[in-house]
Amino acid sequence: MPVPIFIMKLLLLLPLAVIVIYYDVRFRRIPNLVVVAALVAGLCINTSFLGFPGAMASIKGLGLAFLPMFLMHIFGALGAGDVKLFAAVGAVIGVALVPMTFVVVVMLGAALAVYSMLRSGTVFSTLHGVLRIFVGILPGWEMPRFAMPPDRSHTIPYGVAIMVGSVISTIVFRA
């Protein structure tokens, strides 16, 4: 009996999640080698199971996953590693699953952000920063750019939300 493609994707995403979560929580970095390996493996899985349409779904998934995360990176909300990681995950899950996965990842990221600001006692300063972002979107106002805090323990390991959300989406939506 042939192995379904979503099982192969899970077999890639689960150990990837363990590695990324470890590095992101411990060092607040996601190794580029891990990201590139995930991207290549995702492209190979989709191509071997679905041929040329699978390769195109993988490439389109990479692009569609990259775009919203890159926009969040421009505003200083995410690090470059998170952008690259979600693009690689997009190559694994394919274009059809990226929008649902993005929603799940954002919800998990929001929960992680609330937990982090409650734990660190930075609720008011964080909400002030969020308000500045929304005001910066308005015409005539300058969009703020937030600097990386010197103490990286005050950052959110968004790779956790990306990987947990990707695994959840792959299981629930099986695309």
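Residues numbered from 1 in each chain as written. Predicted model: local features only at pLDDT ≥ 70, side-chain atom pairs only at ≥ 80, totals over all residues. Heavy atoms only, no water.

Enquirer: Any chance you could explain the overall build of the protein chain here in plain terms?
Expert: The number of helices and strands found in the protein chain is six helices and zero strands. Secondary structure elements of the protein chain occur, N-terminal to C-terminal, as α-α-α-α-α-α. Since a compact globule built from 175 residues should have a radius of gyration of about 16 Å, the 17 Å found for the protein chain is in line with a globular shape. With respect to the three principal axes, the spread of C-alpha positions in the protein chain is 55 × 35 × 30 Å. Relative to its 175 residues, the protein chain shows a buried fraction of 36%. In the protein chain, the proportion of contacts linking residues at least 24 apart, taken out of those at least 6 apart, comes to 73%. For the protein chain, the accessible surface area stands at approximately 9,900 Å², while carbon and sulfur atoms represent 77% of it. Of the charged side chains in the protein chain, 11 are positive and 4 negative; the average position of the first set lies 9 Å away from that of the second. (Helix = DSSP H or I, 4+ residues; strand = E, 2+ residues; numbered from the N terminus. Rg over C-alpha atoms; globule rule 2.2 N^0.38 Å. Buried < 20%, exposed > 50% of the residue type's maximum accessible area, 1.4 Å probe, protein only. Contact = heavy atoms within 4.5 Å. Areas by Shrake-Rupley, 256 points an atom, 1.4 Å probe, with all protein chains shown as cover. Lys, Arg positive; Asp, Glu negative; His and termini not counted. Charge placed at Lys NZ, Arg CZ, Asp CG, Glu CD.)

Enquirer: Would you explain the environment of Leu 62 in this entry?
Expert: Residue position: Leu 62 is located in helix α2 (residues 32–74). Looking at Leu 62, the relative accessible area reads 27%, which means it is partly exposed. A sequence separation of 55 residues divides Leu 62 from Ile 7, and the C-alpha atoms of the two residues are 20 Å apart. Once you skip the residues sitting within four places of it in the chain, Leu 62 turns out to touch Leu 39, Ala 87, Gly 90 and Ala 91.

Enquirer: What is the right way to read helix α6 (residues 158–173) from this model?
Expert: An α-helix turns once every 3.6 residues. As a result, residues three or four positions apart point the same way. For α6, which comprises 16 residues, the first-to-last C-alpha distance of 22 Å matches the rise-based estimate of 22 Å (1.5 Å per residue) to within 8%. On its buried face, α6 is in contact with α1 (5–27), α2, α3 (80–93) and α4 (98–120). Note on α6: the residue one or two positions beyond its end, Arg 174, has a positive phi of about 45 degrees. (Expected span 1.5 Å × (residues − 1).)

Enquirer: What's the story with unusual backbone geometry in this structure? I'm lost.
Expert: In most cases, non-glycine residues show a negative phi, while peptide bonds are predominantly trans. Positive phi, close to 60 degrees, is recorded for Arg 28, a residue that is not glycine. Its place among the elements puts Arg 28 in the loop between α1 and α2. Arg 28 gets classed as buried once you look at its relative accessible area, which sits at 18%.

Enquirer: Please explain the nonpolar core as it appears in this structure.
Expert: The nonpolar side chains of soluble globular proteins are, as a tendency, buried together. Grouped together as the largest cluster of nonpolar side chains are 31 residues, with contacts concentrated most on Leu 85, Phe 86, Ile 162 and Met 163. Broken down by secondary-structure element, the contributors of at least two residues to this core are α1, α2, α3, α4 and α6. Ranked by residues supplied to this core, first place goes to α1 with eight residues. (Core = buried A, V, L, I, M, F, W, Y, C linked by side-chain atoms within 4.5 Å.)

Enquirer: Which parts of the structure should I look at to understand α1?
Expert: Between the first and last C-alpha of α1 there are 32 Å, a value that for 23 residues agrees with the 33 Å anticipated at 1.5 Å per step. Inspection of α1 places Ile 5, Phe 6, Lys 9, Leu 10, Leu 12, Leu 13, Leu 16, Ala 17, Val 20 and Asp 24 among the buried residues, and these make up the whole buried set. The elements touched by buried residues of α1 are α2, α3 and α6. Two residues or fewer after α1 comes Arg 28, characterised by a positive phi angle close to 60 degrees.

Enquirer: I would appreciate a short explanation of the confidence of the model for the protein chain in the present structure.
Expert: Regions with low pLDDT should not have their predicted coordinates read in detail. In the predicted model, the protein chain carries a mean pLDDT of 90, and the fraction of residues at 70 or more is 92%. Mean pLDDT across the elements of the protein chain bottoms out in helix α5 (residues 123–137) (78) and peaks in α3 (97). (pLDDT = per-residue confidence, 0-100.)

Enquirer: Can you walk me through a nonpolar patch on the surface in this structure?
Expert: A cluster of nonpolar side chains, namely Phe 66, Leu 67, Phe 70, Leu 71, Ile 74 and Phe 75, defines an oily patch on the protein surface of about 500 Å² accessible area. Locating Leu 71 in the fold gives a position in helix α2. For Leu 71, a relative accessible area of 43% translates into the label partly exposed. (Patch = residues over 30% accessible without salt bridge, like charges linked within 9 Å, V, L, I, M, F, W, Y side chains within 5 Å. Salt bridge = Lys/Arg side-chain N within 4 Å of Asp/Glu carboxyl O.)

Enquirer: How should I be thinking about the side chain of Thr 101 in this particular structure?
Expert: Structurally, the position occupied by Thr 101 is in helix α4. Note on Thr 101: relative accessible area 0%, which makes it buried. Within the local environment of Thr 101, its side chain forms a polar contact with the backbone oxygen of Leu 97, the two atoms lying 2.8 Å apart. (Polar contact = N/O pair within 3.5 Å; in protein donor to acceptor, adjacent residues only side chain to side chain.)

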